[in-house]
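These are the residues of each chain, in order.
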Amino acid sequence: MPVVEAVAIVPVPPAVAFAVSQTTGETRYRWDPFVREQRLLDGAARPGKGVRTFTRSRHGLTMVSEYVSYAPPTNVGMKMVRGPWFFEMMAGGWRFAPAAEPGHTVATWRYHFRTRPALLRPVADRIGVWLLGRDIRRRIAGFARGCQDPAVLAAVDGG
């Protein structure tokens, strides 16, 4: 199963990095170049294990995902419930650990996926690794900028 991963060191402690990663609405759109629209579903007021989220990507594709883990300030995990036809399965996890430099965090974002149809998987997986890898690198770079953005930090009470 293909895996894509991106890592960034951000100049905020893990609790702040985690909080930035879980922002919503205009604050999220300020740093996340991948998300064009995102909202919690089923009346949820905040993220948490079992909460479902609707996301529209910059590509116009939509996905409903569900939090399978939610452990502030160290990690969050999700799985696709419904999404683009070419993903048979997709899941991801974001981890936040103290960096060697005090007050900094190592953010590691990893996604696993399986494409379909199976007959095209050898080619589709390579395309998926390239495309998803490019998107995750752009996304974590946006996250790193968000961890230095006074408006984003003020929104999470970390600035």
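See the structure printed just above.
Structural notes, computed from the coordinates. (Residues numbered from 1 in each chain as written. Predicted model: local features only at pLDDT ≥ 70, side-chain atom pairs only at ≥ 80, totals over all residues. Heavy atoms only, no water.)

**Some points on the overall build of the protein chain**
- Scanning the protein chain from N- to C-terminus turns up four helices and seven strands.
- Secondary structure elements in the protein chain, listed N-terminal to C-terminal, are β-α-α-β-β-β-β-β-β-α-α.
- Against the 2.2 N^0.38 benchmark of 15 Å for 159 residues, the protein chain shows a C-alpha radius of gyration of 15 Å, consistent with a compact globule.
- Expressed as a percentage of its 159 residues, the buried residues of the protein chain come to 44%.
- Pairs at least 24 residues apart make up 49% of the contacts formed inside the protein chain by residues separated by at least 6 positions. (Helix = DSSP H or I, 4+ residues; strand = E, 2+ residues; numbered from the N terminus. Rg over C-alpha atoms; globule rule 2.2 N^0.38 Å. Buried < 20%, exposed > 50% of the residue type's maximum accessible area, 1.4 Å probe, protein only. Contact = heavy atoms within 4.5 Å.)

**Considering the sheet that holds strand β6 (residues 87-98)**
- As summarised here, the arrangement of the seven strands in space is β1-β7-β6-β5-β4-β3-β2, forming an open sheet in which the pairing is antiparallel. A single partner strand is all that each edge strand has here, and the edge strands are β1 (3-10) and β2 (35-40). Strand-to-strand twist in this sheet, taken as the mean axis angle between neighbours without regard to direction, amounts to 20°.
- Where helix α1 (residues 14-21) meets the sheet, it contacts β1, β4 (62-71), β5 (75-82), β6 and β7 (105-115), and its direction lies at approximately 150° from that of β6.
- Packing of helix α3 (residues 121-146) onto the sheet brings it into contact with β1, β2, β6 and β7, and relative to β7 it is tilted by some 155°. (Pairing = 2+ DSSP bridges. Axes fitted to C-alpha atoms, helices over the stretch in contact; angles between N-to-C directions.)

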